[in-house]
Amino acid sequence: MLPTLPFDPSHVLIGGTWRSTTDTLPLVNPSDGSTLCQIARSTEADVDAAVAAAQSALDGAWGRMSALERGRCLTRLGQLVLEHADLLTTLETLDVGKPVTQARADAIALARYCEFYGGAADKVHGETIPYLDGYTVYTLREPHGVTGHIVPWNYPMQIIGRSVGAALAMGNACVLKPAEDACLTALMYAHLAKEAGFPEGALNVVPGVGAEAGAALARHPGVQHLSFTGSVQTGKTIQKFAAENVVPVTLELGGKSPQIVFDDADIDAALPFLVNAGLQNAGQTCSAASRILIQRKIYDTVATRMAKAYRAKIIGPASSDPDIGPLISTRQKARFETLLEAAHDVPCIAETPIPKDLPPDGAYVQPRLYGPVPPDHPLAQDELFGPVQVLIPFDTEDEAIKIANGTIYGLVAGVWTDSGARQMRLAKALKTGQVFLNNYGAGGGVELPFGGIGKSGHGREKGFEALYGFSTLKTVAAKHG
Ligand code: NAD
């Protein structure tokens, strides 16, 4: 059951005021299929009002606020997030079906994003540029204006923290469209932002259906920058909308990320990262390590140990804090199971046992480990977005690089080897946005610029790099003789 909330979850937040909408949608708990509450089904008119409120904020108190004060608002918001971490954790557990420990880690990460961008807000400087005699030239970093944030359901708190947090730090006014499958922590974040002292209209939230509220936001001519995380297909649609309005867009579209284990690696150290980076959030992680490339000499050892770990994992309702909860919805479960039909001709070497007493209407699927899988097999190429990993043996370093780079994606890679020279070679050769050497960070790292190449998308969020993405550069050339 939903705890008592300090806001009405069926409302939108526009211009600092919670309002009802003409229609609502049910929000479902994926652990048992029950309806948690109704949420707003925002219309084009709601999105129009939210964009107008954001523009008014830029023309008013928010636009006049100093970088220092914006940073203070974010820092206060981080403190409020920490104070309400229990409630945020409960909401994410119920709404996303995310096990309690993983939901709490996301709440803490959200606070960390607020702290990081709160501290960074007044530390983004322009430059002075040597030019012709008699001139002084300098650059100014300025906000884009109204920024649109279309967020998925898998890591609402982390993605809001990195995208909205950086945009607010730079002085943009935000319109946030959370996913229809999970939007409670977005609403709670907006409630806390009001308490933290953000002026009205600096942050507006319009939950609703992607093809309705999401599309209305993405094609809105009053939006000057778009940030989207989600599927490749929807990302293409968003990019087309952005092209129509000639506005920049940041796309983070998932991946088929590899971890590569060489035969000189510390297998004990690697093992938890190999398994957990695939199963975290039931595999519904854009940077999930869904491919494990293993040098042939140690293939059997690593495969056996990973299989053992799979059999020991616990599946259950998210509030019982298992290792693996349900998928986000029965729709995603059906999609995942259809994609998994491709596995019929490769060996499944381990399954996590499914408890008999799981709620029958929960969106549970069975975690499975497959191997050996040919690198060009659909199971090793397509993003399943569920708790499945494939093991791929290789012989040489060159072969490992070729396999690792051999998908349409390029988000994250992990390399496990004792050889420093090999670490450096791989870090250069891998075509991804991030490379982890003897570790792997699926989703973490507030400070670390993050984003993809290829069909994983473009643009960077997290770290200082996001602040450059959420601002535009003006060059001022003064002729003074
Ligand atoms: P999606 O990309 O359709 O949805 C993500 C967000 O985009 C949601 O807020 C949704 O409301 C919005 N949206 C959907 N259609 C839109 C449109 N036409 N215009 C504007 N906004 C729109 O993802 P999904 O359907 O929920 O999941 C499908 C697949 O997407 C998953 O199986 C997975 O492969 C991928 N996915 C990736 C990530 C990631 O972190 N990269 C997150 C979620 C889903």
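Residues numbered from 1 in each chain as written. Predicted model: local features only at pLDDT ≥ 70, side-chain atom pairs only at ≥ 80, totals over all residues. Heavy atoms only, no water.

> Just give me the short version of the side chain of His-377, but keep the residues and values in it.
Here His-377 lies in the loop between strand S15 (368–370) and helix H13 (378–381). A distance of 3.0 Å separates the side chain of His-377 from the backbone nitrogen of Leu-379, its partner in a polar contact. Setting aside anything within four residues of it in sequence, one finds His-377 in contact with Ala-342, Asp-345 and Val-346. (Helix = DSSP H or I, 4+ residues; strand = E, 2+ residues; numbered from the N terminus. Polar contact = N/O pair within 3.5 Å; in protein donor to acceptor, adjacent residues only side chain to side chain. Contact = heavy atoms within 4.5 Å.)

> Residues and numbers for the layout of surface pockets, please.
Put simply, the largest pocket is a space of about 890 Å³. In this structure, the largest pocket is lined by 37 residues; those nearest its centre are Trp-153, Phe-228, Gly-230, Ser-231 and Thr-234. At the level of secondary structure, the elements contributing two or more residues to the lining of the largest pocket comprise helix H8 (210–218), strand S10 (225–229), helix H9 (232–245) and helix H12 (330–340). Residue contributions to the lining of the largest pocket peak at seven residues, all from H9. Residues that form the lining of the largest pocket fall into these classes: 18 nonpolar, eleven polar and eight charged. Both domains that meet at the lining of the largest pocket, namely domain 1 (12–253 + 458–476) and domain 2 (258–445), each give it at least three residues. (1 Å grid on protein atoms, 1.4 Å probe; cavity = no way out; pocket = protein on both sides within 12 Å on 5 of 7 lines; lining within 4 Å. Points joined across faces, edges and corners; volume = space filled by probe spheres on them. Nonpolar A, V, L, I, M, F, W, Y, C, P; charged D, E, K, R; others polar. Domains from an automatic or database assignment.)

> Talk me through the sheet that holds strand S5 (residues 128–129); I want residue IDs and the actual numbers.
Within the open sheet, the three strands sit side by side as S5-S6-S20. Their pairing is antiparallel. Of all the strands in the sheet, just S5 and strand S20 (471–479) have a single pairing partner and so form its edges. Bridge count for S5 against strand S6 (residues 135–143) is two bridges, and the pairing is antiparallel. If you follow Thr-128 over to S6, its bridge partner there is Tyr-138. (Pairing = 2+ DSSP bridges.)

> If you had to explain the site of the ligand to someone new, which residues and values would you point to?
Surrounding the ligand, one finds 27 residues, the nearest of these being Trp-153, Lys-177, Glu-180, Ser-231 and Arg-335. Note that a nitrogen atom of the ligand is positioned 3.4 Å from one of the backbone N or O atoms of Gly-230. Side-chain polar atom of Arg-331 to an oxygen atom of the ligand: 3.3 Å apart, as the coordinates give it. In this structure the site holding the ligand corresponds to the largest pocket. Put simply, the parts of the chain that give the shell around the ligand at least two residues each are H8, S10, H9 and H12. Domain assignment of the residues forming the shell around the ligand places at least three in each of domain 1 (12–253 + 458–476) and domain 2 (258–445). (Near = heavy atom within 4 Å. Sits in = over half its atoms within 2 Å of the grid points.)

> Please provide a residue-by-residue account of helix H6 (residues 156–169), values included.
Taking 1.5 Å of rise per residue, 14 residues should cover 20 Å, and H6 covers 19 Å from first to last C-alpha, within 8% of that figure. Buried residues dominate H6, accounting for 14 of its 14 residues. Just beyond H6, the residue with positive phi is Gly-171, at close to 90°. (Expected span 1.5 Å × (residues − 1). Buried < 20%, exposed > 50% of the residue type's maximum accessible area, 1.4 Å probe, protein only.)

> Tell me about the sheet that holds strand S13 (residues 291–295), and name the residues and values.
Ordered in space as S14-S15-S16-S13-S12-S17-S18, the seven strands form an open sheet in which the pairing is mixed. Across the chains shown, the open sheet's two edge strands, defined by having one partner strand only, are strand S14 (348–351) and strand S18 (434–437). Sheet twist, expressed as the mean angle between neighbouring strand axes with direction ignored, is 20°. The sheet contact formed by strand S12 (residues 258–261) and strand S17 (residues 412–416) spans three bridges and is parallel. Residue pairing for S17: Val-261 is matched across the bridge by Trp-416. (Axes fitted to C-alpha atoms, helices over the stretch in contact; angles between N-to-C directions.)

> Which residues make up the domain arrangement of the chain, and what values go with them?
One frequent convention defines the size of an interface as the accessible area lost when the parts assemble. For the chain, the domain assignment lists domain 1 (12–253 + 458–476) and domain 2 (258–445). On a C-alpha basis, the centroid separation for the pair domain 1 and domain 2 is 30 Å. Counting residues at the interface gives 24 residues for domain 1 and 32 residues for domain 2. Carbon and sulfur atoms supply 52% of the area buried between domain 1 and domain 2, which totals about 2100 Å² over both sides. It is Ser-31, Trp-153 and Tyr-155 that lose the most area in domain 1 upon contact with domain 2, and together they represent 26% of the buried surface on that side. Counting the contacts that link domain 1 with domain 2 gives one salt bridge. At the boundary of domain 1 and domain 2, one finds twelve residue pairs in polar contact (both at pLDDT 80 or more). Elements that contribute at least two residues to the side of domain 1 that touches domain 2 include exactly helix H4 (85–96) and helix H5 (100–120). Of the residues belonging to the side of domain 1 that touches domain 2, the class tally is nine nonpolar, eight polar and seven charged. (Buried area = accessible area lost by both parts, 1.4 Å probe. Salt bridge = Lys/Arg side-chain N within 4 Å of Asp/Glu carboxyl O.)

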